[in-house]
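Listed below are the residues making up each chain.
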Amino acid sequence: MPFFMLIVRNLLRQRIRSLLTALGISIGITTVVALGVVTHSVKATAAEILRAGGADFAIGQSGSSDLTFSTLTSEQLGEIEAYPGVEHAIGVLMVISPLGSNPYFVQLGIEPADLAHFEVPLLEGRALAAGATDEILLGREASRQLGKGVGDTVELRDRRFTVVGIYRTGNVWEDGGGMLPLATVQEYERKRGLMTLIYVRAKPGIDLAQLTARIEQDHPELATLRTLSDYSDVDQGMQLMDALNLAISFLAVFIGGIGVMNTMVMSVFERTREIGILRAVGWRQRRVLQMVLGESILLCVIGALIGSTLAVIFTRVILIFPVVRSFLALEYTPDVFIRGLAVGVAVALLGALYPAIRAVRLSPIQAIRYE
Amino acid sequence: MNRDRIAIDVQDVVKTYEEGRIHALNGATLQVSEGEFVAITGPSGCGKSTLLHLIGALDRPDSGRIVVNGVDLAHMRDLSHYRSHRVGLVFQLHNLLPTLSASANVQLPMYEAQLSFWERRAKAQRLLEAVGLADRAATPPTKLSGGERQRVAIARALANDPPILLADEPTGNLDSKSGQLVLDLLRRIQRERGVTLVLVTHDAQIASAAERIVRMLDGRVVDAGVAPTKAARLPAEGE
């Protein structure tokens, strides 16, 4: 019998106990993986925002607790535009407020003239007219949810806007929101002359790393954002999610570890005599260790597989709610599942440590005499 | 096999339990030649099983010396290898794993022998054939008779072709017919394979099958017996 099958057979001896332990572990893994998927998906969506409109990078206020709280001025926009390597710099004011059934309707205030440089794939209608104050472009998902098309009107912040176009960028935040004239959003937000982000497109051939480094050097109050990592560095909400993820992973390891330890201790105690026999017929301590750890790891890997499957199911289920769909586009990346598996293996090693040490320290003759 | 060479040399071995309150062995001394069949007898508690366990490296003596094939067990770093390759152990209670088949039980010591799964399985089958249980390879011990279990245990003891076989009351839990079958099997293995066989028993009739009978009392060897002459050792025709 292959050694692995011996391990499998040992677990199958107490099927119910093994299954319950694996299910116990899977709850922790489900939490870790589901939270990981959601966190990663939110981050990935946020990262897409940084490259919206075909920008090479975005600029926000350094040290803002949340990127939507970033405050930039039109003077700063002018300074960025003045860099020789910058082809276009577009300032946008990002606001989130409820609209219809969507509590997170994202409004991007943008100069209508800048839309020509801001790549917005229009599906229907036209772009915002120059000088218009009461026009809105709706994302396809927002249009669908609101049941509004070109020519319809929507009421937002006690004002009536005419839908002049429908666009689709592929980003759930943008497609679930709308684009309005910058001055209008600044007015109803009482943020005259202020913006949230500056989107920058560099001239061809420009070294982006050098350009962003220079901007940050000249303007320490600004943070250039090119990657997800840059975003996480300036957005404390993302940092909080990462911290929460880590804390839950540790909790899962700790709680799962105790469950596994309980099972493995019982299993090793019950098999004291058998382990003695294995030692008596010449099994090395290392092989006994491999057997006990192998059983624990297999148990936890099964738990991790169940947990990962449940996490996928749960994350799909939450998408039933339109509110969630409006800000979350799920991305299942291997690293989230690898982390779930790593938590499972950590649980296995932690839980099996004591029983494994006890098993290898057994004197063969004492173990054989054990009743 | 060289009958003039000492396979097992036990010198003045002491073993106590419960912090010295129980003296299992009180300076036991014994020598066994290569290929010899020795029966150790004595009343219950005389230390015969303890002596066998110490020779089998299942435990360590408090003092004294046990040298097997020229190597002092006290200086042996890897007793697991010794237990898996140098000696084969047969216990009174067969000590088979109940959830594994007879074949899987026989294969257990082979995990330490760098054999592939197929080699292990084939060798286990050959050993089961040798003990007359070729058709019971897939049967778990719970569905075997006492005699069959003990024969599986003997096959397991031979898994890595050890030169020494140590049997602790191998017939103690068997009826007389099964016991005789097991004894005949052990004798046949000893002769055919040339292994050194040390058998512990309190049964005088079983002991009489040995070439030499060693008697123990109160943790000492009181009568080391007399090794038969070379002529006397030759088995009778048809035996």
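Treat the numbers as computed from the prediction; the structure is a model and nothing was measured.

Q: What am I meant to see in the overall build of chain B here?
A: A tally of helices and strands in chain B yields eight helices and 10 strands. Here the C-alpha coordinates of chain B stretch approximately 45 × 45 × 35 Å along the principal axes. Residues classed as buried in chain B amount to 54% of the 239 residues present. Restricting to contacts in chain B with at least 6 residues of sequence separation, those with at least 24 account for 70%. Here chain B has roughly 10,600 Å² of accessible surface; of this, 49% comes from carbon and sulfur atoms. Charge separation in chain B, taken as the distance between the mean sites of 29 positive and 28 negative side-chain charges, equals 4 Å.

Q: Even after reading the chapter, I still don't get the interface of chain A and chain B, so can you show me in this structure?
A: Note on interface size: it is often stated as the accessible area lost on association of the parts. In this assembly, 23 residues from chain A lie in contact with 26 residues from chain B. When chain A packs against chain B, the two sides together hide about 2,300 Å² of surface, and 55% of this comes from carbon and sulfur. Counting the surface chain A buries against chain B, the share from its top three residues, M1, V281 and R284 of chain A, is 26%. Where chain A meets chain B, there are three salt bridges. A salt bridge links E112 of chain B to R284 of chain A, with the nearest nitrogen and oxygen atoms 2.9 Å apart. Viewed at the interface, chain B and chain A are joined by 13 residue pairs in polar contact (both at pLDDT 80 or more). Ranked by residue count, the leading element in the side of chain A that touches chain B is helix 10 (residues 272–280) of chain A, at six residues. Tallied by class, the residues present in the side of chain A that touches chain B amount to 12 nonpolar, three polar and eight charged.

Q: Looking at this structure, I do not really get the sheet that holds strand 5 (residues 71–72) of chain B. What am I missing?
A: Backbone-to-backbone hydrogen bonds pair the strands of a sheet. The strands run either parallel or antiparallel. Residues and elements named next belong to chain B. Across the sheet, four strands lie side by side as 2-1-4-5; this open sheet has antiparallel pairing. Every interior strand has two partners, whereas the edge strands, strand 2 (22–33) and strand 5, have only one. Running at roughly 120° to strand 1 (residues 6–17), helix 1 (residues 48–55) makes contact with strand 1, strand 2 and strand 4 (63–68) of the sheet.

Q: I keep staring at the packing of helix 9 (residues 236–270) of chain A against helix 13 (residues 334–361) of chain A and nothing clicks. Help me out?
A: Packed helices, taken two at a time, are described by their axes: the angle between them and the distance between them. All names here are of chain A. Between helix 9 and helix 13, the shortest axis-to-axis distance is 7 Å and the interhelical angle comes to 35°. Remark: the crossing between helix 9 and helix 13 carries right-handed chirality. Of the residues assigned to the contact of helix 9 with helix 13, the class counts are 17 nonpolar, five polar and two charged.

Q: What is the right way to read the pairing of strand 1 of chain B from this model?
A: The two faces of a sheet get side chains in turn, since along a regular strand they alternate between them. All names here are of chain B. By the bridge criterion, nine bridges tie strand 1 to strand 2 in an arrangement that is antiparallel. Counterpart to D9 in the pairing with strand 2 is Q31. The antiparallel hairpin formed by strand 1 and strand 2 contains four residues in its connecting segment, where E18 sits at a positive phi of about 50°. Where strand 1 and strand 4 come together, five bridges link them in antiparallel fashion. Across the sheet, the residue bridging to Q11 is R65, located in strand 4.

Q: Just to check I follow, could you spell out the nonpolar core for this structure?
A: A general tendency of soluble globular proteins is for nonpolar side chains to be buried together. Formed by 115 residues in total, the largest nonpolar core has its most connected members in Y199 and W283 of chain A together with I40, L51 and L108 of chain B. The dominant element in this core, judged by the number of residues it contributes, is helix 2 (residues 15–50) of chain A, at 10 residues. Taken domain by domain, this core gets at least three of its residues from each of domain 1 (3–46 + 238–369) and domain 2 (57–225) of chain A. Excluding residues within four positions of it along the chain, L108 of chain B makes contact with L6, L278, V281 and W283 of chain A together with L97 and L100 of chain B. Core analysis: the second largest hydrophobic core is formed by 36 residues, V131, L144, L199 and A209 of chain B among them.

Q: What am I meant to see in the pairing of strand 3 (residues 37–41) of chain B here?
A: All names here are of chain B. The element strand 3 is largely enclosed, with a buried count of five among its five residues. Residues F37, A39 and T41 point to one face of strand 3 and V38 and I40 to the other, with burial holding for every one of them. Note that strand 3 and strand 8 (residues 196–200) share four bridges and pair parallel. The residue bridging A39 from the neighbouring strand is L199, located in strand 8.

Q: Honestly, unusual backbone geometry in this entry has me stumped. Any pointers?
A: Excluding glycine, a negative phi dihedral is what most residues carry, and trans is how most peptide bonds are arranged. For N69 of chain B, which is not glycine, the phi torsion reads 50° and is therefore positive. The residue N69 of chain B is located in the loop between strand 4 and strand 5 in this model.

Q: Explain the domain arrangement of chain A here, please?
A: All names here are of chain A. As assigned here, chain A comprises domain 1 (3–46 + 238–369) and domain 2 (57–225). In this structure, domain 1 and domain 2 have C-alpha centres spaced 45 Å apart. If you look at the interface, domain 1 gives 10 residues, while domain 2 gives 10 residues. For the pair domain 1 and domain 2, the two sides together bury roughly 830 Å², of which 63% comes from carbon and sulfur. Joining domain 1 to domain 2, the criterion identifies zero salt bridges. Summed over the shared surface of domain 1 and domain 2, the result is one residue pair in polar contact (both at pLDDT 80 or more). For the side of domain 1 that touches domain 2, the elements supplying multiple residues, two or more each, are helix 2 and helix 12 (322–325). Considering only residue class, the side of domain 1 that touches domain 2 consists of seven nonpolar, two polar and one charged.

Quick notes on the rules
- Residues numbered from 1 in each chain as written.
- Chains lettered and ligands numbered in written order.
- Predicted model: local features only at pLDDT ≥ 70, side-chain atom pairs only at ≥ 80, totals over all residues.
- Heavy atoms only, no water.
- Helix = DSSP H or I, 4+ residues; strand = E, 2+ residues; numbered from the N terminus.
- Buried < 20%, exposed > 50% of the residue type's maximum accessible area, 1.4 Å probe, protein only.
- Contact = heavy atoms within 4.5 Å.
- Areas by Shrake-Rupley, 256 points an atom, 1.4 Å probe, with all protein chains shown as cover.
- Lys, Arg positive; Asp, Glu negative; His and termini not counted.
- Charge placed at Lys NZ, Arg CZ, Asp CG, Glu CD.
- Buried area = accessible area lost by both parts, 1.4 Å probe.
- Salt bridge = Lys/Arg side-chain N within 4 Å of Asp/Glu carboxyl O.
- Polar contact = N/O pair within 3.5 Å; in protein donor to acceptor, adjacent residues only side chain to side chain.
- Nonpolar A, V, L, I, M, F, W, Y, C, P; charged D, E, K, R; others polar.
- Pairing = 2+ DSSP bridges.
- Axes fitted to C-alpha atoms, helices over the stretch in contact; angles between N-to-C directions.
- Left-handed = near helix turned anticlockwise from the far one by under 90°.
- Core = buried A, V, L, I, M, F, W, Y, C linked by side-chain atoms within 4.5 Å.
- Domains from an automatic or database assignment.

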